[in-house]
Amino acid sequence: MVATDSQASEAAAQSASPGLLTQVFRFVLIGGFCALVDSGIYWLLLEAGMWVHLAKAISFIAGTTTAYFLNRRFTFTAAQKGGAGQLGGFVLLYTVTFFVNVGTNALALHLLPEFTWRVALAWVIAQGTATTINFIMLKWVVFREARA
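This is a predicted model, so every value here is computed, not measured.

1. Regarding the packing of helix H4 (residues 84-111) against helix H5 (residues 118-142)
Part 1: At a minimum axis separation of 8 Å, H4 and H5 run at an interaxial angle of 155°. Our classification of the angle between H4 and H5 gives roughly antiparallel. Considering how the two elements wind past one another, H4 and H5 form a crossing that is right-handed.
Part 2: Split into classes, the residues belonging to the contact of H4 with H5 amount to 16 nonpolar, ten polar and one charged.

2. A look at the packing of aromatic side chains
Part 1: In this structure the tally under the stated criterion is twelve aromatic pairs.
Part 2: By way of ring pairs, the aromatic residues Phe27, Tyr68, Phe69, Phe76, Phe90, Tyr94, Phe135, Trp140 and Phe143 are connected into one cluster.
Part 3: The ring centre of Tyr42 lies 5.7 Å from the NZ or CZ of Lys56, which sits over that ring.
Part 4: Directly above the aromatic system of Trp140 lies the positively charged group of Lys139, at a separation of 5.3 Å from the ring centroid.

3. Things to note about the nonpolar core
Part 1: One finds Phe27, Phe76, Phe90, Tyr94, Leu138, Val142 and Phe143 to be the most contacted residues of the largest nonpolar core, which totals 13 residues.
Part 2: Elements represented by at least two residues in this core include exactly helix H2 (20-47), helix H3 (52-75), H4 and H5.
Part 3: Apart from the residues lying within four places of it in its own chain, the contact partners of Leu138 are Phe27, Phe76, Phe90, Leu93, Tyr94, Phe143 and Arg144.

4. Overview of H5
Part 1: Taking 1.5 Å of rise per residue, the 25 residues of H5 would be expected to cover 36 Å, and the 34 Å separating its terminal C-alpha atoms lies within 8% of that figure.
Part 2: Among all positions of H5, only Arg118, Ala122, Ala126, Ala130, Asn134, Phe135, Leu138, Lys139 and Val142 are buried.
Part 3: On its buried side, H5 packs onto H2 and H4.

About the criteria used
Residues numbered from 1 in each chain as written. Predicted model: local features only at pLDDT ≥ 70, side-chain atom pairs only at ≥ 80, totals over all residues. Heavy atoms only, no water. Axes fitted to C-alpha atoms, helices over the stretch in contact; angles between N-to-C directions. Helix = DSSP H or I, 4+ residues; strand = E, 2+ residues; numbered from the N terminus. Parallel < 35°, antiparallel > 145°, perpendicular 65-115°, else oblique. Left-handed = near helix turned anticlockwise from the far one by under 90°. Nonpolar A, V, L, I, M, F, W, Y, C, P; charged D, E, K, R; others polar. Phe/Tyr/Trp six-rings, centres within 6.5 Å; stacked < 30°, edge-to-face > 60°. Lys NZ or Arg CZ within 6 Å of the ring centre and 35° of its normal. Core = buried A, V, L, I, M, F, W, Y, C linked by side-chain atoms within 4.5 Å. Buried < 20%, exposed > 50% of the residue type's maximum accessible area, 1.4 Å probe, protein only. Contact = heavy atoms within 4.5 Å. Expected span 1.5 Å × (residues − 1).

What follows is the structure, given as structure tokens:
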């Protein structure tokens, strides 16, 4: 069967990623879900008596793995080529932003004056910074779309 021009353009439209705002919305929604996965597994492992640092490592890996597959499938749909390079880029990015998150949180706690919501504000600043870096790098590096 030979594809017509209209069939080819229809197939290209189906494989294109959603618009930027849709991607941001999906990324945030998936991130929230993955945070619940991370948190839920963390607390379950703690309740089971696991060492706190091992529980955190396992829950972080579970949340991050969930984020990879969900974002690849639903947020950055035109870049579903997968492969070791894409997975490696994702792991490297999330390793770097893990340290950015922890460092930003520490810096914010150091710089913010004492007040009731200081710890929560530091967490929001750190999470917002890491999330912004993750979205930008995922969209334009890890899951970049092939140029037409």
